[in-house]
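# Summary of the model geometry
What follows is each chain in one-letter form.
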Amino acid sequence: MVLALLLQLLPGLPPPALAAPGLCVGPVCGDEIHRSAKHHWQLRLRVGDQRGQHERLVVDCRNGVLSPLAGPVERGYAAAVARRACRLAGESG
């Protein structure tokens, strides 16, 4: 944080780029979203919450089932992120 402030004060340097958090619903964000090579209706994504919990999920866009069914990230928000990713990928049931 302090380094970023110091870099902004130096003349002639462009401001540091800040990355977007990804696809977010409530306190859960998804990133690193990939379509399965074998099954086009499956998406693989990495989700994380504000507590710092991260995990990788597979969602079946035909019926919205997440795999694994339980994990450290709250499943209601994770399912909402997965549904939104499916809609954006054009795979909504």
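Overview of the structure. Counting of residues starts from 1 at the beginning of each chain's written sequence and follows it residue by residue. For a predicted model such as this one, the threshold for reporting local features is a pLDDT of at least 70, and the threshold for listing and counting side-chain atom pairs is 80 or more; totals across whole chains, interfaces and linings nevertheless cover every residue. Hydrogen atoms and water are omitted, and side-chain values are computed over all heavy atoms in the structure.

## What to know about helix α2 (residues 75-88)
Operational definition: A run of H or I in DSSP counts as a helix once it spans at least four residues, and a run of E counts as a strand once it spans at least two, with each numbered from the N terminus. Expected span of a helix: the number of residues minus one, times 1.5 Å. For every residue, the accessible area (1.4 Å probe, protein chains only) is compared with the maximum for its type, and the residue is labelled buried under 20%, exposed over 50%, or partly exposed between those bounds. By the convention used here, residues are in contact when the closest approach between their heavy atoms is within 4.5 Å. Between N or O atoms, a polar contact is any pair within 3.5 Å; within protein, one atom must be a potential hydrogen donor and the other a potential acceptor, and residues adjacent in sequence are included only when both atoms are from side chains.
With 14 residues, α2 extends 20 Å between its outermost C-alpha atoms, agreeing within 8% with the 20 Å of an ideal straight helix rising 1.5 Å per residue. All buried positions along α2 are accounted for by Arg75, Ala78, Ala79, Ala80, Val81, Ala82, Ala85 and Cys86. The inward-facing, buried residues of α2 contact β1 (23-25), β2 (28-35), β3 (42-49), β4 (54-60) and β5 (65-67). Two to three positions downstream of the cap, the backbone nitrogen of Gly76 sits 3.1 Å from a side-chain oxygen, assigning the N-cap of α2 to Glu74. Once α2 ends, the next one or two residues include Gly90, with phi positive near 80°.

## Considering the state of the cysteines
What counts, and what does not: Only a pair of cysteine sulfur atoms within 2.5 Å qualifies as a disulfide here.
Across all of its chains, the model carries two disulfides by this definition. A disulfide bridge connects Cys24 with Cys29, and the sulfur atoms are separated by 1.9 Å. The S-S bond linking Cys24 to Cys29 shows a torsion near 100°; that makes this disulfide right-handed. Assessed through its relative accessible area of 26%, Cys24 is described here as partly exposed. Paired through a disulfide, Cys61 and Cys86 show a sulfur-sulfur distance of 1.9 Å. The S-S bond linking Cys61 to Cys86 shows a torsion near -75°; that makes this disulfide left-handed. One end of the pair, Cys61, is in the loop between β4 and β5; the other, Cys86, is in helix α2, and 25 residues separate them in sequence. Accessibility assignment for this pair places Cys61 and Cys86 in one class, buried. Take the cysteines of the chain that form disulfides and number them in order along the sequence; they join up as 1-2, 3-4.

## With respect to the sheet that holds β2
Condition: Pairing between strands is defined by DSSP: at least two bridges between them are needed. What counts as an axis is a line fitted to C-alpha atoms, over the stretch in contact for a helix, and the angles between N-to-C directions run from 0 to 180 degrees.
With antiparallel pairing, five strands are arranged side by side in an open sheet as β1-β2-β3-β4-β5. Single-partner strands in this sheet number two, and they are β1 and β5. Averaged over all pairs of adjacent strands, the angle between their axes in this sheet comes to 35°, without regard to strand direction. As judged from the three bridges shared by β4 and β5, these two strands associate in the antiparallel manner. Across the sheet, the residue bridging to Asp60 is Val65, located in β5.

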